[in-house]
Amino acid sequence: MRYRIFAIGIIPALCSALAFWISSTVEHNRVGAIADHMLEQVNNRALQDFYELADRVRDGMATTVELPSSMAPFVSSRSLSEAWRFAIDLSDLDLKAIPSATDNATLNLNFHSDNQQFRIFLDSEAWLQALCTDLGFGDLSFSLVYRDQSVFVSGGPLPDSDVFRQDDFIFPQLSLLIDRTPVIEGMYNNRYPMSLAALTFLFILVLAEKFQRQRFRLKRSGERLRAVEAELEQTSEILRSQMEVTANNQKELLKRNYELQDINRTLEQAKHQISFSERLANLGEVSAGIVHEINNPIAYIGSNLRELESDVNALRGFINTLDKASDGLDVHSEFYKTLLAAYQELNVQDAIQQAPERLEDCIHGIERVRKIVQDMKRLSSRGNNEMTLCNLNDDISSVINIVKSRIKGDVELRTNLVELPDLVCNASQISQVLTNIFVNAIQALEGRRGLITFTERVQGNSIVLDVCDDGPGMSEEIAARVFEPFFTTKDLGSGTGMGLSLCYKLIDEHNGWIELKTTPGAGSCFSIHLPLDATQENSNVQ
Ligand SMILES: Nc1ncnc2c1ncn2[C@@H]1O[C@H](COP(=O)(O)OP(=O)(O)OP(=O)(O)O)[C@@H](O)[C@H]1O
Ligand SMILES: [Mg+2]
């Protein structure tokens, strides 16, 4: 409100005052310039009259002095005495008019000769006053100054300032000073400044009102804007906090997701392990039946084959003896002919030669079947192994020695045995597992240059045995199946596919587990994790 009063009341008033001041100053200057021009005319006229007077005086010296009509009433003729008028040889006079003030209104003009003096008294005030009236100025204040001495002052003392001064009067020492103020005031018209001030007031008032309205509108818009800003700020704050919550939720979700994935993986592994164990168990049960059924036939086929082998050997000896004895027989005898026919028909020679070989194949085959059956038996047998507290390093050293003897070609075996704590286990089974894994590594490196490394370490509550090779490695599909019974990639007859499944079972019976890391073309690493006390359930089982 105070601002409104200031804007609508004070500002237009101040502006109109300023406009009034500026326009009145301009008007004053304009009027002053006109006045100066007019006063210059007064001065020039006075000058002209004065010169004329002086000329007349001078000229009049010879005859009579006739004053200019304009000056006549103001010149005292009291000095122009008859005696003087004719007595003076005016030609001798050095006519210099020297004005001097005799009284306040009279100017005494002295004209000098060597010893002659002629003076005229001019009633200056009356003369100049008449001059002004003649020029249309009416009453003016004058001051006639001679040698900086005021000769006279008309109409009261002149103000210090605002005086028109023209020094170039008839004599340099004489100056006419005219008060400009009444002239300017007479000419000055304050109608224009007043109108301008009024117009300015109105204009600024309208402008201020408009400005005020604009300002009010702006203020309201600003307030609205601020309210919207505050609302926006609030909304963005809410959004920010919601985003934070969302981000936190997302993080939490992600964490949960990872946890879930971990659990899933563990579950998947557990499922896989369970199904694998189930399959093993089923297989074990089936195997147990088959093993039971074929174990005896295999046993007697084996022993019979061995019997048969000695029988065949005996028969071969007998036939050889018969062969030699037949050499003394009469080739025409009926016995010889019958024997020869039988000999040729039965192809006895070939049979004698091939029989041992065939028998050998049979014995080898039955041996192989017996081994498979033994493995199956072991696979199906329930864990009733004797576990004792022992230090594995002794058994591991002898396994390494055996393995070394099986290495052929350009394959190096590097071992790093460290001090191991005692652990409860079945040492011969661990040796068997290690042998199987070593043999697989040697077989994987067959026909190529390679390196097998064996390292031991204690990790938490377990002993870990690592067997690594830089062989061909395995594809994901093969790696997923290596522990399955009868799974083999080896040629028919050279691998049973029972090695790793047995290893798995044996280590499982120790509550341990086998970890396989393999990269195709780079090699494989089998890590056997054995809990220090195999009788305790291992929580690390994967
Ligand atoms: N170190 C290894 N490098 C590459 N492949 C391997 C390695 N060890 C095992 N395997 C693969 O795993 C398969 C199964 O091995 P496992 O020992 O069970 O059977 P096998 O060696 O084929 O036959 P067996 O051991 O009965 O003679 C192998 O056929 C082979 O493909
Ligand atoms: Mg094997």
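Now for a description of the structure that goes with this document. Everything numeric here is computed off the predicted structure, so don't read it as measured data.

Right, let's get into the overall build of the protein. The secondary structure content of the protein amounts to 11 helices and 15 strands. The buried share of the protein, taken over its 542 residues, is 34%. Restricting the contact set of the protein to residue pairs at least 6 apart, pairs at least 24 apart contribute 67%. Accessible surface, the protein as shown: approximately 33000 Å² in total, 54% of it carbon and sulfur.

Close contacts around ligand 1 come from 19 residues, with Asn440, Thr488, Thr489, Lys490 and Thr496 the closest. Thr488 places a polar side-chain atom, nitrogen or oxygen, 2.5 Å from an oxygen atom of ligand 1. Here Lys490 contributes a side-chain N or O atom positioned 2.4 Å from an oxygen atom of ligand 1. Taken by itself ligand 1 offers 590 Å² of open surface, and the protein chains cover 91% of this. For the shell around ligand 1, the elements supplying multiple residues, two or more each, are helix H9 (427-444), helix H11 (499-509) and strand E15 (523-531). Tallying contributions element by element places H9 first for the shell around ligand 1, with 4 residues. Residues of the shell around ligand 1, tallied by class, amount to 8 nonpolar, 9 polar and 2 charged.

Attention now goes to the state of the cysteines. With the rule as written, the count across this model stands at 1 disulfide. With its sulfur 1.7 Å from that of its partner, Cys468 forms a disulfide with Cys525. The chirality of the disulfide connecting Cys468 with Cys525 is right-handed, given an S-S dihedral of about 55°. Residue Cys468 is located in strand E13 (residues 462-469), and its partner Cys525 is located in strand E15; the two are separated by 57 residues in the primary sequence. Classification of Cys468 by relative accessible area gives buried; the value is 16%.

Moving on, we come to the packing of aromatic side chains. Scanning all chains against the criterion turns up 2 aromatic pairs. A centroid spacing of 5.6 Å and a plane angle of 50° characterise the contact between Phe483 and Tyr504, whose relative ring orientation is tilted. Of this pair, Phe483 sits in the loop between helix H10 (476-481) and H11 while Tyr504 sits in helix H11; the two residues are 21 residues apart in sequence, bridging distant segments of the chain. Both residues of the pair, Phe483 and Tyr504, count as buried.

Before going further, it helps to examine the side chain of Glu484. By the element assignment, Glu484 lies in the loop between H10 and H11. Residue Glu484 is classed as buried on the basis of its relative accessible area, which comes to 14%. Ignoring sequence-local partners within four residues, the contact set of Glu484 consists of Phe276, Arg279, Gly497 and Ser501.

Here we have 5 strands laid out as an open sheet, ordered E10-E12-E13-E15-E14, and mixed in their pairing. At either end of the open sheet lies a strand with only one pairing partner, and these are strand E10 (411-416) and strand E14 (513-519). Between one strand axis and the next, the sheet turns through 15° on average, direction left out of account. The pairing of E14 with E15 spans 7 bridges and is antiparallel. Bridging from a neighbouring strand, Leu516 pairs with Phe526 of E15.

Let us look at H9. Over its 18 residues, H9 runs 26 Å from end to end, which matches the ideal 26 Å to within 8%, given 1.5 Å per residue. Among all positions in H9, only Ala427, Gln429, Ile430, Ser431, Val433, Leu434, Ile437, Phe438, Val439, Ala441 and Ile442 are buried.

Take the nonpolar core next. Formed by 41 residues in total, the largest nonpolar core has its most connected members in Leu392, Leu434, Phe438, Ile452 and Leu465. When contributions to this core are tallied by element, the ones reaching two or more residues are helix H8 (393-406), E10, strand E11 (423-425), H9, strand E12 (450-459), E13, H11 and E15. Tallying contributions element by element places H9 first for this core, with 8 residues. With residues near it in sequence (within four places) discarded, Ile452 still touches Val411, Glu412, Leu413, Arg414, Phe438, Ala441, Ile442, Leu445, Val467, Cys468 and Asp469. Val42, Leu131, Phe164 and Ile184 belong to the second-largest nonpolar core, a separate cluster that totals 19 residues.

Tracing the backbone through its elements, the reader meets Thr200 in helix H5 (residues 191-325). Those residues within four positions of Thr200 in sequence are excluded, and the remaining contacts are Cys15, Ser16, Ala19 and Leu205.

Time to look at unusual backbone geometry. Positive phi is not limited to glycine here, since Phe486 has a value of about 70°. By secondary structure assignment, the location of Phe486 is in the loop between H10 and H11. Even without being a glycine, Asn511 presents a positive backbone phi close to 60°. Structurally, the position occupied by Asn511 is in the loop between H11 and E14.

Another point: a nonpolar patch on the surface. Residues Leu18, Trp21, Ile22 and Val26 make up a contiguous nonpolar surface patch of roughly 420 Å² in combined accessible area. Summarising the element assignment, Trp21 is placed in helix H1 (residues 2-62).

Conventions used here
- Counting restarts for each chain: residues are numbered from 1 in the order of the written sequence.
- Labels are handed out in written order, letters beginning with A for the chains and numbers beginning with 1 for the ligands.
- Selection of residues for local features in this predicted model requires a pLDDT of at least 70, selection of side-chain atom pairs for listing and counting requires 80 or more, and totals for whole chains, interfaces and linings are taken over all residues.
- Hydrogens and water molecules were not included; the side-chain quantities draw on all heavy atoms of the structure.
- Secondary structure is summarised from DSSP: a helix means a run of H or I of at least four residues, a strand means a run of E of at least two, and numbering begins at the N terminus for each.
- Think of it in three bands: with a 1.4 Å probe and only protein chains considered, a residue is buried below 20% of the maximum accessible area for its type, exposed above 50%, and partly exposed in between.
- A contact between two residues is defined here by any heavy atoms of the two lying within 4.5 Å.
- Accessibility throughout is a Shrake-Rupley quantity obtained with a 1.4 Å probe, and a residue counts as covered only by protein chains that appear here.
- Whether a residue is near a molecule or strand depends on its heavy atoms: if one lies within 4 Å, it is near.
- In protein, a polar contact means a hydrogen-donor-capable atom and an acceptor-capable atom, both N or O and within 3.5 Å, with residues adjacent in sequence counting only if both atoms are side-chain atoms; elsewhere, any N or O pair within 3.5 Å suffices.
- Classification used: nonpolar for Ala, Val, Leu, Ile, Met, Phe, Trp, Tyr, Cys and Pro, charged for Asp, Glu, Lys and Arg, polar for all others including Gly.
- Throughout, a disulfide means two cysteine sulfur atoms within 2.5 Å of one another.
- Ring geometry is summarised as follows: Phe, Tyr and Trp rings, the Trp one being its six-membered ring, pair when their centres sit within 6.5 Å, and such pairs are stacked at plane angles under 30 degrees, edge-to-face over 60 and tilted between the two.
- Here, strands pair whenever DSSP counts at least two bridges between them.
- Every axis in this analysis is a line fitted to C-alpha atoms, fitted for helices over the stretch in contact. Angles between the N-to-C directions lie between 0 and 180 degrees.
- Take the number of residues in a helix, subtract one, and multiply by 1.5 Å to get its expected span.
- In these notes, a set of buried Ala, Val, Leu, Ile, Met, Phe, Trp, Tyr and Cys residues joined through side-chain atoms within 4.5 Å is what counts as a nonpolar core.
- Here the term patch refers to residues with relative accessible area over 30% and no salt bridge, with like charges joined within 9 Å and nonpolar side chains (Val, Leu, Ile, Met, Phe, Trp, Tyr) within 5 Å.
- Any carboxyl oxygen of Asp or Glu that lies within 4 Å of a side-chain nitrogen of Lys or Arg is treated as forming a salt bridge with it.

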